[in-house]
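Chain by chain, the residues run as shown.
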Amino acid sequence: MTDIPALRLQDIVKTFPGVRALDGVSFQVMPGEVHALLGENGAGKSTLMKVLGGIHQPDEGKIFIAEQPAVMKSPLDAKSKGVVFIHQELSLADELSAAENIYLGQLPRKSFGRVDWKALYEKSDAILARLKCSFDSRKLVGDLSIANKQMVEIARALTVDAKAVIFDEPTASLTDAEKVVLFDVINDLRSDGVGVVYISHRMDEIFTISDKISVLRDGSYRGSLVTADTDEDEVTKLMIGRSLDSENPIVPAKKGPIALEVQGLSCGDLFQNVSFKVHEGEVVGFYGLVGAGRTEIAETLFGLRAPSAGKILLEGKEVKIASPIEAIAHGISLVPEDRKGQGLVLGMNCKENMTLPQISDLTAGPFVSDGAEVAIFDQYRDRLQIKTPGWRQKVGNLSGGNQQKIVIGKWLSMAPKVLIVDEPTRGIDVGSKAEIHNLIRDLASQGYAVIVISSEMPEVLRVSDRVVAMFHGEIIREFTADEVNEDNLVQAISGIRTTKVA
Amino acid sequence: MADTRAKTIGQFLARQGILVAFVLFMIGFALANGRFLGIDNIMGVVRSSAILGVIALGVTFVVISGNLDLSVGSMMSFSTIVVLDLHDKIGPALAIPAMFAMTMALGALIGFLVGYLKLNSLIVTLGMLSAIHGLTLTYSGGKNMDIDDKAGTWFSFFGQGSVLGIPVPILVIALLAILLSLLLSRTPFGRKVYAVGGNGVAATFSGIPRARVVFMCYLISAFCVAVAGLLQASRSLGSQNTVGQGMELDVLAAVILGGASLLGGSGTIFKTVIGVLILGFIQNGLLLVGLAFYVQYVVTWVIIILAVWLDIAAKRGRLLSPIA
Amino acid sequence: MKPYLKQSAIWGFVVLELIFFSVAGEFLSLSDKAFMDLDNMLLLFKQSAPIGIIALGMTVVMINGNIDLSVGAIFALCAIIMLDSMKWPIFAGLGDWVILVGWLLALATGMLLGLINGLIVWKTGVDAFIVTLGSMLGYRGLVFMYNGENPTSNLNWTMVDIAEADILGIETPTIVFVICTVLVWLLMTRTVHGRNAYAIGDNREAAVNAGIRVGPHMVWNFVLIGFLAALSAVVFYSASGSVNPNDGTLYELWVITAVVLGGTKLTGGSGSVIATFGGVIAIQLLRKGLGHIGADTAMVNLVIGLILIAVLFLDRQLNRKGKEELRT
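Residues numbered from 1 in each chain as written. Chains lettered and ligands numbered in written order. Predicted model: local features only at pLDDT ≥ 70, side-chain atom pairs only at ≥ 80, totals over all residues.

Enquirer: Outline the interface of chain B and chain A, listing residues and values.
Expert: Note: interface size is frequently given as the accessible area lost on complex formation between the parts. Each side of the interface is counted separately: chain B has 20 residues, and chain A has 22 residues. For the side of chain B that touches chain A, the secondary-structure elements that each account for two or more residues are helix 8 (188-198) and helix 9 (200-205) of chain B. No other element matches the six residues that helix 8 of chain B contributes to the side of chain B that touches chain A. Taken together, the residues of the side of chain B that touches chain A sort by class into nine nonpolar, eight polar and three charged. (Contact = placed C-beta atoms within 7 Å. Helix = DSSP H or I, 4+ residues; strand = E, 2+ residues; numbered from the N terminus. Nonpolar A, V, L, I, M, F, W, Y, C, P; charged D, E, K, R; others polar.)

Enquirer: How would you summarise the confidence of the model for chain C if you had to cite specific residues and measurements?
Expert: Residue and element names in this part refer to chain C. Confidence in the prediction for chain C averages 86 pLDDT; 93% of positions are at 70 or higher. The secondary-structure element of chain C with the lowest mean pLDDT is helix 1 (residues 2-28), recorded at 72, while helix 10 (residues 214-240) shows the highest, at 95. In the predicted complex, the global pTM is 0.84; the interface-specific ipTM is 0.85. (pLDDT = per-residue confidence, 0-100.)

Enquirer: Give me the lowdown on the interface of chain B and chain C, citing residues and values where you can.
Expert: Counting residues at the interface gives 39 residues for chain B and 40 residues for chain C. If you list the elements that add at least two residues to the side of chain B that touches chain C, you get helix 5 (121-140), helix 9 and helix 13 (293-316) of chain B. It is helix 5 of chain B that provides the largest number of residues to the side of chain B that touches chain C, a total of 13 residues.

Enquirer: Let's hear about unusual backbone geometry: which residues, and what values?
Expert: Residue and element names in this part refer to chain A. The residue alanine 66 is not glycine, and still its phi comes out positive at about 50 degrees. If you trace the backbone, alanine 66 turns up in the loop between strand 4 (60-65) and strand 5 (68-70). The phi dihedral of asparagine 273 is positive, around 50 degrees, even though this residue is not glycine. By secondary structure assignment, the location of asparagine 273 is in strand 12 (residues 271-279). Asparagine 273 gets classed as partly exposed once you count the C-beta atoms within 10 Å, which come to 13. (Buried ≥ 20, exposed ≤ 12 C-beta atoms within 10 Å, placed from the backbone.)

Enquirer: Report on the nonpolar core, specifying residues and quantitative values.
Expert: Ranked by size, the top nonpolar core spans 374 residues in total, and within it Val54(B) and Ile55(B) carry the most contacts. Here the element with the most residues in this core is helix 10 (residues 210-236) of chain B; it accounts for 17 residues. (Core = buried A, V, L, I, M, F, W, Y, C linked by C-beta atoms within 7 Å.)

Enquirer: Any chance you could break down the sheet that holds strand 11 (residues 258-267) of chain A for me, citing the residues and the numbers?
Expert: All names here are of chain A. Reading across from one edge, 12-11-14-15 is the order of the four strands in this open sheet, with antiparallel pairing throughout. Of all strands in the sheet, those with a lone pairing partner are strand 12 and strand 15 (317-319), marking the two edges. Neighbour-to-neighbour, the strand axes of this sheet turn through a mean angle of 20 degrees, independent of strand direction. Here strand 11 runs beside strand 12; their pairing, made up of six bridges, is antiparallel. Within the sheet, the bridge partner assigned to glutamate 261 lies in strand 12 and is lysine 277. The strands touched by helix 9 (residues 294-301) within the sheet are strand 11, strand 12 and strand 14 (309-314), with strand 11 carrying the most contacts at an inclination of about 115 degrees. (Pairing = 2+ DSSP bridges. Axes fitted to C-alpha atoms, helices over the stretch in contact; angles between N-to-C directions.)

Here it is as structure tokens:
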């Protein structure tokens, strides 16, 4: 092993309006090293990778490839410089064969622009063999399993002389057997002298495969550990920082009757046999990795998905929810995950967005009553402290935090019995985050039944009276606020079932 | 400094370019032919734009909700032919409601296909264009329609009559414009149309019955087409069965000229009326300077492309597309 | 397995039509001849050629993720250029070679019109259906501007002879159609350009990230369809010798119906030239069959329009992802 890092980032700074996503991050990977990168959501991992991948340009700082300064102008540019990504969202063309995808944009040619099929299949089969794949490169990608599709992406990465390969949550959709194959591939890359960056939440995997672990938190680099010399607790401490439960102790909720009960709810592969209860006056937090099934449960409760089995009971009575309109009629409101795509009509102004679900009721005769609309807007603007020049402002112009408050206000104005909030503070600055957390606690004390879905541990721990940990579509464990802590929660969402003695 | 100024002028042109171009056109036409700005000519343009304008009002709803309707031309031919035919068979008092019912049934079909089955509106209405054309031809047996007793019927009132000196078609479009404008801008339904067009997914997430809203927009569009058919039939008391052919593009051009985005979510009745007038005056101006009617086609083409281009460019902030 | 099933579906439909019209024809037809007689079938191929040649180009454009509504107007305009240019004074001394000049100018015009469409789509970023909706109108305006509402004619018997020639009973239009089918099929299945078209249509971002130059690629496809529309006009009008300014109106509807019927997806990324061939045959069969049992053009228009809608519906039903889908 040489001493020159395959890849080095130095003092990278990246700011977006209102948020300092990366605050002078330095990070390096040596050739033949598997370096894990950890951090909570919002810690800055994906921004760092986007900078490395040429999607964002850093405001300050430098990138070095084998100690040569490099500017990444685009993903293609990064690839040509030897930095290759295997993303969570696969970028494959389903209608083409594996071979054509592997060599996309670089198909070997004969005269007249014809594809040299012989060469193409030979080369692709060779790469697939190297990855110990069992399928032929002639197969259509659309017919492959997700694991195999991932292999095709990796194969594509190997068509260039990669100096660094970055895996972003590669095992999210893999079975255990498929993971073993993936780790073999990563080991092969390691012996070939490639620098591997492995981004993941899963401790067990990180401790299996990596040589070093680096941690990001809140946009800064928190330290590196040699995997062999450390353990999960030390790593977790770096990730989480100080315990949070010393500040803002959760005011225990005065629990009312059961507002919502779910029994044995399933939806195909997305989630199975989910059962839980939510009382009036409590906040139940759902925590888990991407793909755990939390959002899908919310969508089912809101009538956007048809369950394949199970029951939903509101205030003790079974209900069937076939559409959002029915869900709203039953008193369920959903603040969705994708604020801009699902929660708001960006071209409309603040009051129009806020009054949309109940617009038919805000009338004076056949016409919309401006007065009633503005009254609702004013009420929630004050209650939620929404900063906007006025109700005429188009919501597209507001900051993320204020946009989120408009969505929350919209649903609060419906006086729901059950409020579901999916990723309440995604992409929102720290100050607004705290406001929204306090708001959620207030709602509980006012008697609402609240479900919070979150991928941020501090958030879930801060706001929840109870935490439901999910993994791969199943509920692994339920904790009360007293029981739960960072360690047992992380273990639960990684699929590790333990008895409550932990 | 100069940079930001150039950018501001650029943005201004993008937004108001249509009006600027229109003003230039008007000046050009007025200089080329003195009659252009005469009161007779102006009234003539307004009157002949009325029928197109009525259809454009309905299509505005469809476009704002994020869809298209290419079938309006052949649907109008259908309406005209049907009402003329039924006039002689069951009398005007019954013919008019019957025609409305039949036309709106077609609109309901399209609304069902696009709203509830969620099929692509471009292709569906393209297919319906052909199907309705075929339907019209079959109905009319390929012949033109004529009313037998042209002098003795009150039917001509709609297309040829006037009230207090104002031609009825102009009154009709004015009235319809006011009513539809209130519906679109002041009622909950109108708000829902904007929501569905602005962000259909978010509309569903907010409990808006998206399919029903789209369906209703096509019904409104069909209603307007029926009105236009009535005016047309009543004006000429006889018609070829291809009378509406090609109107869909003029209607689309007018709606685009009025500033509605083809992506949905924006536009108003008032702006569509302006667009109709702009188109009418441009076409009239071209005629007056001696250019044949088909030159309009080329001009309309350029207008559509420029208008949509500038709208998209203004939204993305760059004039040229960044596709490699 | 599934793609083969989907592609064979169109041929199954063709067989059904043959059976239906043969049987129905026995009861309803005014003529004595059977529906499936050899001459009739050969005629079928010849009559499929005008739409069919263009449909090949439309397949490529649609696989790419675009659409071209102006093909009818391009068809007419190229026909006019071909017939009229042979009468231009500059070419006076060329004798029958002027036919070749006419053909070449027509083809060049088609390519130019396609180039304009492609460049506008690329550089402005306006969606192809709006761009070509506009040029459908604009190019038609040019058609009228050429000679007003009058037909443009030029009867050159040598040209007609060539156009109506037959080899072993198979006429020129059929031969051109089949050759074009083979060539476009080779393009889409064997060349880099063709495979890239699928990639761009299926996942444009992936294609861009892989370094494929999407803009020029799209322009090439528009030039191709322009060329094919011109070729179709050349083949057809060399035989007929006279073109009306309204000719080709709504050709795009027929072409798109044939392509969609053959299984190409509107959204792009998927489609087959052979299946389009099948779709063209199916449509033409429908026209002939309906005529055979006594339906008129009006009825045919009606049926075609409805078929297009039915195919859209089926396509949607077959492509639903089931429980994965949100009810939005």
